[in-house]
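# Tertiary structure, described
Residues per chain are reported as follows:
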Amino acid sequence: MEKKLTIKIVSPGQPTDKRIPTQADMVIMRSTAGDLGVLPGRAPVSLALCNGIMRIMNGEVEARLLIDGGLASVNQNVITVLTESAVLQE
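To keep things clear, this report deals only with the structure shown in the data block. Just so it is clear, the model here is predicted, and its values are computed rather than measured. (Residues numbered from 1 in each chain as written. Predicted model: local features only at pLDDT ≥ 70, side-chain atom pairs only at ≥ 80, totals over all residues. Heavy atoms only, no water.)

## Remarks on the overall build of the chain
- Summing up its helical and strand segments, the chain has zero helices and eight strands in all.
- Beginning at the N terminus, the succession of helices and strands in the chain can be written as β-β-β-β-β-β-β-β.
- In terms of overall size, the chain behaves like a compact globule, its C-alpha atoms giving a radius of gyration of 12 Å where 90 residues would be expected to give roughly 12 Å.
- Oriented by its inertia axes, the alpha-carbon framework of the chain measures out at about 35 × 25 × 20 Å.
- Looking at the 90 residues of the chain, the share that counts as buried comes to 34%.
- Once local pairs closer than 6 in sequence are excluded, the contacts in the chain between residues at least 24 apart make up 48%.
- Of the side-chain charges in the chain, 9 are positive and 9 negative, and the distance between the mean point of each set is 5 Å. (Helix = DSSP H or I, 4+ residues; strand = E, 2+ residues; numbered from the N terminus. Rg over C-alpha atoms; globule rule 2.2 N^0.38 Å. Buried < 20%, exposed > 50% of the residue type's maximum accessible area, 1.4 Å probe, protein only. Contact = heavy atoms within 4.5 Å. Lys, Arg positive; Asp, Glu negative; His and termini not counted. Charge placed at Lys NZ, Arg CZ, Asp CG, Glu CD.)

So this is what it looks like as structure tokens:
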């Protein structure tokens, strides 16, 4: 069984868009220290996010979220993002 990342978006200002993927092979986030790519099995990390695009990749399919800054935590293949808004880009 292949491992996946679980993605949890928490936004107090708006309900989470149900079209945002909750599982991924890889996630790339823009942090204040630069872009961070996350694969399953990554060591735990917390980081401050910049306004920008968060890329969620599943095989050949890529979803892009416009993130309004915030915080992200990666722990045991779970990425939790706390942000004012996360909008799926079409």
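## Some points on the nonpolar core
- Core analysis: the largest hydrophobic core is formed by 22 residues, its most contacted members being Ile9, Val27, Met29, Met54, Ile56, Leu65 and Ile79.
- Mapped onto this core, the elements with two or more residues apiece are strand S1 (5-10), strand S3 (26-31), strand S4 (34-38), strand S5 (45-58), strand S6 (61-75), strand S7 (78-82) and strand S8 (86-89).
- Top contributing element to this core by residue count: S6, with five residues. (Core = buried A, V, L, I, M, F, W, Y, C linked by side-chain atoms within 4.5 Å.)

## Quick look at the pairing of S6
- Sheet topology note: the S5/S6 ladder contains 13 bridges and is antiparallel. From the neighbouring strand, Leu47 faces S6, where its bridge partner is Ala72.
- In sequence, S5 turns back onto S6 through a hairpin of two residues, with Gly59 there showing a positive phi of about 60 degrees.
- Summarising the sheet, S6 and S7 pair through five bridges and their orientation is antiparallel. Paired with Asn75 across the two strands is Val78, which belongs to S7.
- Between the antiparallel neighbours S6 and S7 lie two residues, among them Gln76 with a positive phi of about 50 degrees. (Pairing = 2+ DSSP bridges.)

## A closer look at unusual backbone geometry
- Unlike most non-glycine residues, Gln76 shows phi in positive territory, near 50 degrees.
- With respect to the secondary-structure elements, Gln76 resides in the loop between S6 and S7.
- The class of Gln76 is exposed, set by a relative accessible area of 70%.
- In the Ramachandran plot, Asn77 falls in the positive-phi region, its phi being about 65 degrees despite a non-glycine side chain.
- Mapped onto the elements of the fold, Asn77 is located in the loop between S6 and S7.
- Under the relative-accessibility criterion, Asn77 is labelled buried at 18%.

Shape descriptors only; they carry no functional weight alone.
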